[in-house]
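Listed below, chain by chain, are the residues.
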Amino acid sequence: METVIVTQIKSNIGIKKGQRLTLAALGLRKTGQQRKHTLTPQVQGMINDVQHLVRVDKA
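Residues numbered from 1 in each chain as written. Predicted model: local features only at pLDDT ≥ 70, side-chain atom pairs only at ≥ 80, totals over all residues. Heavy atoms only, no water.

As named in an unreviewed UniProt entry, the chain is Large ribosomal subunit protein uL30, taken from Leptospira langatensis. Per UniProt, the chain carries the Subunit (unreviewed entry) text "Part of the 50S ribosomal subunit." The UniProt entry for the chain carries this comment under Sequence similarities (unreviewed entry): "Belongs to the universal ribosomal protein uL30 family." (UniProt positions renumbered as here; feature names shortened; annotations may be inferred.)

1. As for the nonpolar core
If you look at soluble globular proteins, the nonpolar side chains tend to sit buried side by side. Core analysis: the largest hydrophobic core is formed by 11 residues, namely Val 4, Val 6, Ile 15, Leu 23, Leu 26, Leu 28, Val 43, Ile 47, Val 50, Leu 53 and Val 54. When residues of this core are traced back to their parent elements, those giving at least two are strand E1 (3-8) and helix H2 (41-49). (Core = buried A, V, L, I, M, F, W, Y, C linked by side-chain atoms within 4.5 Å. Buried < 20%, exposed > 50% of the residue type's maximum accessible area, 1.4 Å probe, protein only. Helix = DSSP H or I, 4+ residues; strand = E, 2+ residues; numbered from the N terminus.)

2. Points about the environment of Pro 41
Structurally, Pro 41 can be placed in helix H2. Along the primary structure Pro 41 and Thr 22 are separated by 19 residues, whereas in three dimensions their C-alpha atoms are 14 Å apart.

3. Digging into the sheet that holds strand E2 (residues 34-38)
If you trace the three strands from one edge of the open sheet to the other, you get E2-E1-E3, paired in antiparallel fashion. Among the strands making up the open sheet, the edge pair consists of E2 and strand E3 (54-58). With direction set aside, neighbouring strand axes in the sheet form an average angle of 30°. Pairing of E1 with E3, which is carried by five bridges, proceeds in the antiparallel orientation. By the bridge assignment, Gln 8 is partnered in E3 with Val 54. (Pairing = 2+ DSSP bridges. Axes fitted to C-alpha atoms, helices over the stretch in contact; angles between N-to-C directions.)

So this is what it looks like as structure tokens:
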């Protein structure tokens, strides 16, 4: 499985509640915070949901 680093690049102020919960599920709470995830279909779906708020880099 591929490993990716997900970085929050925009604030979660003013976004939909579902997207805010998705960021929390990815382990992101603050702008600039990073988390390493194994790229599973579930994680890919969460990233797609908040793609305008995060940056994804290969680890």
